[in-house]
Amino acid sequence: MSSPDLAPEGETPGSADTLPAVAPRLRALRRRAALTLESAARAAGLSPAHLSRLETGQRQPSLPMLLALARIYGTTVSELLGETVADRDAVVRATDMEPSAAGGWTYWQAGAAGRGMQALRVHVPYGSQGDIVRVHPGEEWLYVLKGRLRLRLGDATHRLAPGDSAHFDSLTPHRIAAQDEGGVELLFVHTLLQSPTATLCLGHTPGETS
């Protein structure tokens, strides 16, 4: 016999005023992320009808569901709950950009944290992770500053020189590799706000290396 306290699909039992302000934010943040009800529900493992009930306050999401929706919408649970976020500087000074390393790549944060896009300056060494295939939600834009880049998008291979750029859907299987021994330096913008930068550089999927 099922218990009346058990709620399906990540909802929390209780009255509709448990989290009174969450419902309108769920809808607003989904729209800000340019996601339809159907696509957002699919990404969260919900039915569109259930997500609609969450957005209208007929059901209350559990914490795991809030975490999942925050990731999908490129935000934080704090924003979903309406907590105040400290003001963020619009300008990032070169002297404040501390280099970090991940998987052989070196990157510098070129944008403020907590935004809908993440901007990086990236150095990709020659021979580093050219066999890693990446597939993830979002969009990416890159601009070659120095060196030459080999970009694999699906079945097509593109070679980019300084001044060239690319803008693509990240669900397209893609690989990034330096074509020259000196490596390649890029400006890189992506929409994965909640994904650590290292996840773009780390991980291994066997595949072709050239």
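Okay, so let's go over this structure. (Residues numbered from 1 in each chain as written. Predicted model: local features only at pLDDT ≥ 70, side-chain atom pairs only at ≥ 80, totals over all residues. Heavy atoms only, no water.)

## Structural notes on the pattern of salt bridges
Item 1. The tally for this structure, following the rule as stated, stands at 4 salt bridges.
Item 2. Here Glu55 and Arg30 are joined by a salt bridge, their closest N and O atoms 2.6 Å apart. Of this pair, Glu55 sits in helix α3 (residues 48-55) while Arg30 sits in helix α1 (residues 22-32); the two residues are 25 residues apart in sequence, bridging distant segments of the chain.
Item 3. One salt-bridge network, in which partners are shared between bridges, spans Arg27, Arg30 and Glu55. (Salt bridge = Lys/Arg side-chain N within 4 Å of Asp/Glu carboxyl O. Helix = DSSP H or I, 4+ residues; strand = E, 2+ residues; numbered from the N terminus.)

## Topic: the side chain of Glu140
Item 1. With respect to the helices and strands, Glu140 occurs in strand β6 (residues 139-146).
Item 2. Here Ser170 takes part through its side chain, which lies 3.2 Å from a polar atom of the side chain of Glu140.
Item 3. Discounting residues that sit within four places of it in the chain, Glu140 has contacts with Ala166, His167, Phe168, Ser170, His174, Phe188, Val189 and His190. (Polar contact = N/O pair within 3.5 Å; in protein donor to acceptor, adjacent residues only side chain to side chain. Contact = heavy atoms within 4.5 Å.)

## Considering helix α4 (residues 63-73)
Item 1. Every buried residue of α4 is listed here: Met65, Leu66, Ala68, Leu69, Ala70, Ile72 and Tyr73.
Item 2. Structurally, α4 contributes buried residues whose contacts are with α1, α2 (37-44), α3, β2 (60-61) and α5 (77-80).
Item 3. Downstream of α4 by one or two residues, Gly74 has phi in the positive range, about 70 degrees. (Buried < 20%, exposed > 50% of the residue type's maximum accessible area, 1.4 Å probe, protein only.)

This is a description of form; function is not addressed.
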